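The lines below spell out each chain.
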Amino acid sequence: VQLQASGGGLVQAGGSLRLSCAASGRTFSSFATGWFRQAPGKEREFVAAVTWTGGPTYYADSVKGRSTISRDNAKNTVYLQMNSLKPEDTAVYYCAATGIFSAKTVYNPTTYPNWGQGTQVTVSS
């Protein structure tokens, strides 16, 4: 499966963005999908994930309550709605997909063999 992330940009603190991850290739609806982010000089970190059925969903503590992950399998797209953005949310955001999903491993980037290119999110203070 090929993934294409989009929707990043420059936003002021407190603003919102909706990231999209469009998939092509194999049946996307059979893949769990996650969002990760990587800031300069930092490790890639888990943000959110959703199973192939649209639920349950998983969130990092840093974004819980401010972000919502959802999917539309008819459009082969997963979304990450991010609200109340903070400067520390600034990073390159990546979407990733896996056909092997476990609640224990959802947070681990090595769980996901399929990755899209990143989309830059910059939050100004």
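Here is what the cut-offs are and how they apply
- Residues numbered from 1 in each chain as written.
- Predicted model: local features only at pLDDT ≥ 70, side-chain atom pairs only at ≥ 80, totals over all residues.
- Heavy atoms only, no water.
- Salt bridge = Lys/Arg side-chain N within 4 Å of Asp/Glu carboxyl O.
- Helix = DSSP H or I, 4+ residues; strand = E, 2+ residues; numbered from the N terminus.
- Buried < 20%, exposed > 50% of the residue type's maximum accessible area, 1.4 Å probe, protein only.
- Pairing = 2+ DSSP bridges.
- Axes fitted to C-alpha atoms, helices over the stretch in contact; angles between N-to-C directions.
- Disulfide = S-S within 2.5 Å.

### Some remarks on the pattern of salt bridges
And then number 1: Following the criterion strictly, the structure yields four salt bridges and no others.
And then number 2: Note that Arg37 and Glu45 form a salt bridge whose closest N and O atoms lie 2.5 Å from each other.
And then number 3: Residue Arg66 is joined to Asp89 by a salt bridge in which the shortest nitrogen-to-oxygen separation is 2.8 Å. Placement of the pair is Arg66 in the loop between strand E6 (57-59) and strand E7 (67-72) and Asp89 in the loop between strand E8 (77-82) and strand E9 (91-98), with a sequence separation of 23 residues. Across the pair, exposure class does not vary: Arg66 and Asp89 are buried alike.
And then number 4: What you see here is one network of salt bridges that share partners, running through Arg37, Glu45, Arg66 and Asp89.

### Brief notes about the pairing of E8
And then number 1: Counting buried residues along E8, five of its six residues qualify, which places the element largely inside the surrounding structure.
And then number 2: Summarising the sheet, strand E3 (residues 17-24) and E8 pair through six bridges and their orientation is antiparallel. Across the sheet, Ala22 pairs through a bridge with Thr77, a residue of E8.
And then number 3: Sheet topology places E7 next to E8; six bridges connect them, and they run antiparallel. What sits directly across from Thr68, in E8, is Gln81.
And then number 4: With antiparallel pairing between neighbouring strands as the criterion, E7 and E8 make up a hairpin whose turn holds four residues, including Asn76 at a positive phi of roughly 50°.

### Considerations on the sheet that holds E3
And then number 1: Strand order in this open sheet of four strands is E1-E3-E8-E7, and the pairing throughout is antiparallel. For this open sheet the edge positions go to strand E1 (2-6) and E7, each flanked by a neighbour on one side alone. Pairwise comparison of adjacent strand axes, ignoring direction, gives a mean angle of 15° for this sheet.

### Describing the state of the cysteines
And then number 1: Per the stated rule, a full pass over the model turns up one disulfide.
And then number 2: Each sulfur of the disulfide joining Cys21 and Cys95 lies 2.2 Å from the other. Looking along the S-S bond of the Cys21-Cys95 disulfide, the torsion reads about 70°, which is the right-handed sense. Linking Cys21 in strand E3 with Cys95 in strand E9, this pair joins segments that are 74 residues apart in sequence.
And then number 3: Judged by its relative accessible area of 0%, Cys95 falls in the buried class.

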